Amino acid sequence: MRRLLFALLLPLAAIAADIPVQRVDGEPAADPMSSAWLAQAAVAVPLYPQASVPPAMKAAGKGSIKVRAQRGATTLALHLEWPDRKPAASRGVGEFADAAAVQWPLQPGAALPYIGMGHRGAPVALWFWRADGTVETLAAEGFGTLTAQPGDGVKAKGVWKNGVWRVALSRAVNKPAMERMPVAFAVWNGEGAERAGLKRLSAWQTLRFPGATAKVSLPDTASSGSAARGKRLMQAKGCAACHNYPGNPAKPRIAPDLSHAGGLHAADYLAESMREPSKIVVPGKGYFTEQGGRRVSIMPPFEGSEAERDDLLAFLLSLR
Ligand code: HEC
């Protein structure tokens, strides 16, 4: 866990919005309703329904979460704010509580982990808050591999008021020299029976610490290709036989749903998914075979021309 805090500079190519971290005297307020939080400008981060592995959210709309970040003398804190008409705070049979999580890469400097809770060899840490009072730190190396990290010391407090959840989460950090850190967010709506993989999540964003020098290189979200041609190639190249996306009448369920691929993934990840599907294997049931301890994707590598690849990429990036 500690290693997470020693991040100095991470690969930034795949990262979207820039969330400034405000320096505060003393420590950030534990109360999410504090004016010390609410007076700070927030960054709105889009959320998309999880649809990479089953159970995927069907017909679930997009969302958005407002994020603020502060650095005190000894702690780093995040303030999350999102709309929810009705709070769900208790859990029971068929009853689920609202929750939110902040995701960090556990091995700074290594490849950016897969947005869906990391991948083999690229673990993530999660600060998890749930409306029933649960606050914990979890580690994961891909969907379905969550383990609790006892005694990690994340604190969180959530308040629901007038249709809005506000949650402040914080943790002690012992290294002041951080510049940037990738971070991602997830939200579960308990009333909609959301839990585990049924959630909305963001793409990787960047926290920018006070004093960070170099400008963030914005992600490569453009492709020189044509999205319209790319959409036709999805049929012509057989992608449509396995992947669902808007305009694919077959609606196959045997591979990740790509309906929000451009909102969740950076261009370089998408290009790599086509070129080398087994490099980062999305860990869904039936998505891969184990060969000598290695996961091999059932997806054939894309073998078309560079122009075709750019068209496919332009189409995938347009899916938000
Ligand atoms: C035989 C079925 C099959 C075909 C054909 C196929 N894919 Fe895939 N694809 C998969 C599976 C299964 C995965 C998840 C495992 C993995 O990571 O490779 C995947 C993963 C992906 C991902 C990453 C999705 C995510 O959520 O991270 C992208 C992007 C993608 N495919 C694009 C394409 C494109 C573009 C084509 C056509 C050129 C294509 N696929 C053809 C089965 C297929």
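So, here's what we can say about the structure. Given the structure is predicted, the values throughout are model-derived calculations rather than measurements.

## Concerning the overall build of the chain
Each helix and strand in the chain was counted, giving five helices and 15 strands. Of the roughly 14700 Å² of accessible surface on the chain, a fraction of 55% belongs to carbon and sulfur atoms.

## Here's the deal with the coordination of the iron atom of the ligand
Working reference: metal with six octahedral donors, ideal angles 90 or 180 degrees; metal with four tetrahedral donors, ideal angle 109.5 degrees. Every protein donor of the iron atom of the ligand is listed here as His243 (NE2) and Met299 (SD), and their distances to the metal cover 2.0 to 2.1 Å. Because the angles between the six donor atoms bound to the iron atom of the ligand fall within 87 to 178 degrees, the donor set is best described as octahedral. Taken together, the positions of His243 in the loop between α2 (227–236) and α3 (261–264) and Met299 in the loop between β15 (294–297) and α5 (306–318) put the pair 56 residues apart, joining distant regions of the chain. In this structure Met299 comes out as partly exposed when scored by relative accessible area, which is 29%.

## Quick notes on the packing of aromatic side chains
Under the criterion given, the structure shown has seven aromatic pairs. Arranged with centres 5.1 Å apart and planes meeting at 55 degrees, the rings of Trp104 and Trp127 form a pair that is tilted. In this pair, Trp104 is assigned in strand β5 (residues 99–105) and Trp127 in strand β6 (residues 124–130), connecting sequence segments 23 residues apart. The same class applies to Trp104 as to Trp127, namely buried. Taken together, a centroid distance of 5.5 Å and an interplanar angle of 80 degrees make the contact between Tyr245 and Phe315 edge-to-face. Of the two residues, Tyr245 is situated in the loop between α2 and α3 and Phe315 in helix α5; the sequence distance between them amounts to 70 residues. Taken individually, Tyr245 and Phe315 each receive the classification buried, so the pair is uniform in this respect. One aromatic cluster is present, built from ring pairs that chain together Trp82, Trp129 and Trp165.

## Looking at the environment of Gln50
Turning to its location among the elements, Gln50 is positioned in the loop between β2 (43–49) and β3 (63–71). In this structure the C-alpha to C-alpha distance between Gln50 and His260, which are 210 residues apart in sequence, comes to 8.9 Å. For Gln50, the side chain forms a polar contact with the main-chain nitrogen of Val53, separated by 3.0 Å.

## Here we look at the environment of Ala240
For Ala240, the location among the structural elements is in the loop between α2 and α3. Taking the C-alpha atoms as reference points, Ala240 and Pro252, separated by twelve residues in sequence, lie 7.7 Å from one another. The contacts of Ala240, once residues within four sequence positions are left out, are Met234, Gln235, Tyr245, Asn248, Ala250 and Pro252.

## Considering the pattern of salt bridges
In total, this model carries 13 salt bridges according to the counting rule given. Among the ionic pairs, Arg208 bridges to Asp18, the shortest N-O distance being 2.8 Å. Taken together, the residues Arg208 in strand β13 (residues 205–208) and Asp18 in strand β1 (residues 18–23) connect sequence positions 190 residues apart. Given a relative accessible area of 29%, Arg208 falls into the partly exposed group. Two residues, Glu290 and Arg120, come together in a salt bridge whose shortest N-O distance is 3.7 Å. Note that Glu290 is positioned in strand β14 (residues 288–291) and Arg120 in the loop between β5 and β6, a separation of 170 residues in sequence. Judged by relative accessible area, Glu290 falls into the partly exposed class, the value being 44%. Connected via shared salt-bridge partners are Lys66, Arg68, Glu81 and Arg166.

## Focus: the site of the ligand
Around the ligand lies a shell of 25 residues, among which Cys239, Cys242, His243, Tyr269 and Met299 are the nearest. Ser52 has a polar side-chain atom sitting 3.1 Å from an oxygen atom of the ligand. Val282 places a polar main-chain atom, nitrogen or oxygen, 2.8 Å from an oxygen atom of the ligand. When residues of the shell around the ligand are assigned to their parent elements, the largest contribution, four residues, is made by helix α4 (residues 267–275).

## Points about unusual backbone geometry
Notably, Met117 is not glycine yet its phi reads approximately 65 degrees, a positive angle. Its identity is not glycine, yet Lys251 carries a phi of approximately 45 degrees, on the positive side. Position of Lys251 among the secondary structure elements: in the loop between α2 and α3.

## Concerning the nonpolar core
Ranked by internal contacts, the top residues of the largest apolar core, which has 44 residues, are Tyr114, Met234, Tyr245, Leu258, Leu270, Leu312 and Leu316. Elements with a minimum of two residues in this core: β5, β6, β7 (135–140), β11 (180–188), α2, α3, α4 and α5. In this structure, Ile19, Val21, Leu47 and Trp127 belong to the second largest nonpolar core, which totals 29 residues.

The rules behind the values
Every chain begins its residue count from 1, and numbering advances along the sequence as written. Confidence filtering applies because this is a predicted model: local features only for residues at pLDDT of at least 70, side-chain atom pairs given and counted only at 80 or more, and all residues used for totals across whole chains, interfaces and linings. Processing note: side-chain calculations cover all non-hydrogen atoms of the structure and skip hydrogens and water entirely. Put simply, DSSP marks the helices as runs of H or I at least four residues long and the strands as runs of E at least two long, and each gets a number from the N terminus on. Values of accessible area rely on a 1.4 Å probe in the Shrake-Rupley scheme; residue burial ignores everything except the protein chains shown. Each metal's donors comprise the N, O and S atoms found within 2.8 Å of it (within 3.2 Å for Na, K or Ca). Water is not part of the atom list, so some coordination spheres may appear incomplete. A four-donor site is classed as tetrahedral when every donor-metal-donor angle falls between 85 and 135 degrees; four donors are called square planar, and six octahedral, when trans pairs exceed 155 degrees and all remaining angles lie between 65 and 115, with any other arrangement labelled irregular. Each residue is assigned to one of three classes by its accessible area relative to the maximum for its type, calculated with a 1.4 Å probe on protein chains only: buried under 20%, partly exposed between the two thresholds, exposed over 50%. Classification of ring pairs rests on two measures: the distance between centres of Phe, Tyr or Trp rings, Trp counted by its six-membered ring, which must be within 6.5 Å, and the angle between planes, read as stacked under 30 degrees, edge-to-face over 60 and tilted in between. Nitrogen and oxygen atoms within 3.5 Å of one another constitute a polar contact, given that in protein one can donate a hydrogen and the other can accept it, and given that sequence-neighbouring residues count only through two side-chain atoms. Residue contacts are defined here by distance: any two heavy atoms, one from each residue, within 4.5 Å place the two residues in contact. We define a salt bridge as a side-chain nitrogen of Lys or Arg found within 4 Å of a carboxyl oxygen belonging to Asp or Glu. When at least one non-hydrogen atom of a residue lies within 4 Å of a molecule or strand, that residue is treated as near it. Definition of nonpolar core: a set of buried residues of the types Ala, Val, Leu, Ile, Met, Phe, Trp, Tyr and Cys, connected through side-chain atoms within 4.5 Å.

Read these as spatial facts, not as claims about activity.
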